Amino acid sequence: MFAQLHEAARRCNERVGIEAGFPWKVHPHQLRHGCGYKLANDVRDTRTIQDYLGHRSIQSTVRYPELASVRLSAYSGTGVLK
C-alpha cells in the first residue's frame, strides 16, 4: 500500500513540475518549502505558518519569513532581480 501511495505522489510531483515548466524534478519537500515561502509572503504570521506546516519548533519556521524578506528585497521595482 505504501509503495503505491509513494509512486502516486512521485507521479503527481513529476506532473506538477512539468506543467509548471521546471527544468528539474520536483520533490515533495520542495513543494512544502514553496508553500512555506508563499505563506511567509502572504500571511507574515510565524505562528500561523508553524501550525500550517506542522513544525514542533518555532525555530524551524522562523527561516521562512526571514528568507522571504531577503528574496523580496532582491527585486527592484521592475520585478527583475537586481
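This text gives an overview of the structure that appears in the document. Here the residue numbering is sequential within each chain, running from 1 through the sequence in written order. Thresholds applied to this predicted model are a pLDDT of at least 70 for local features of residues and 80 or more for the giving and counting of side-chain atom pairs; totals over whole chains, interfaces and linings are not thresholded and use all residues. Note that water and hydrogens are dropped before the side-chain values are worked out from all heavy atoms of the structure.

## Details of the layout of surface pockets
Moving on, step 1. Two kinds of site are reported from a 1 Å grid over the protein atoms alone, namely cavities, where a 1.4 Å probe fits but cannot get out, and pockets, open sets with protein on both sides within 12 Å along at least five of seven lines, and residues are called lining when an atom falls within 4 Å of a point. Grid points are joined across faces, edges and corners, and a volume is the space filled by probe spheres set on the points. When its volume is computed, the largest pocket comes out at roughly 250 Å³.
Moving on, step 2. Lining the largest pocket are 14 residues, and of these R10, N13, E14, K25 and V26 sit closest to its centre.
Moving on, step 3. Going along the chain from the N terminus, every DSSP run of H or I of four or more residues is numbered as a helix, and every run of E of two or more is numbered as a strand. Among the elements that take part in the lining of the largest pocket, helix α1 (residues 2-20) stands out by supplying 7 residues, more than any other.
Moving on, step 4. Basically, the charged four are Asp, Glu, Lys and Arg, the nonpolar ten are Ala, Val, Leu, Ile, Met, Phe, Trp, Tyr, Cys and Pro, and anything else, Gly included, counts as polar. Residue composition of the lining of the largest pocket, grouped by class: 7 nonpolar, 4 polar and 3 charged.

## What to know about the nonpolar core
Moving on, step 1. Grouping buried Ala, Val, Leu, Ile, Met, Phe, Trp, Tyr and Cys residues that are joined through side-chain atoms within 4.5 Å yields what is termed a nonpolar core. Burial classes: relative accessible area under 20% of the type maximum marks a residue as buried, over 50% as exposed, and values in between as partly exposed (1.4 Å probe, protein chains only). Counting residues in each nonpolar core, the largest one holds 5 residues, listed as L39, A40, I49, L53 and Y64.
Moving on, step 2. At the level of elements, α2 (28-42) and α3 (46-53) are the ones that each hand at least two residues to this core.
Moving on, step 3. Excluding residues that lie within four positions of it along the chain, I49 makes contacts with L39, A40, T61 and P65. Contacts are residue-level and defined by heavy atoms, with any inter-residue pair within 4.5 Å sufficient.

## Things to note about the pattern of salt bridges
Moving on, step 1. By definition here, a salt bridge exists when the distance from a side-chain nitrogen of Lys or Arg to a carboxyl oxygen of Asp or Glu is within 4 Å. Taken as a whole, this structure holds 4 salt bridges when the rule is applied.
Moving on, step 2. A salt bridge links R11 to E7, with the nearest nitrogen and oxygen atoms 3.6 Å apart. Here R11 pairs with E7, and both are found in helix α1, just 4 residues apart, close to one helical turn.
Moving on, step 3. Residue classification places R11 among the partly exposed residues on the basis of a relative accessible area of 44%.
Moving on, step 4. When the shortest N-O distance is used, the salt bridge between D42 and K38 registers 3.0 Å. In this pair, D42 and K38 are both assigned in helix α2, 4 residues apart and thus about one turn of the helix distant.
Moving on, step 5. For D42, a relative accessible area of 51% corresponds to the exposed category.
Moving on, step 6. One network of salt bridges, in which partners are shared, links E7, R10, R11 and E14.

## Structural notes on α3
Moving on, step 1. Of the residues making up α3, those classed as buried are I49, Q50 and L53. Angular distribution of buried residues about the axis of α3 spans 100°; they occupy a single face of the element. Exposed residues on α3 whose side chains face more than 90 degrees from its buried face are R47, D51 and Y52. Picture the helix axis, draw a direction to every C-beta atom, and the arc is the one those directions span.

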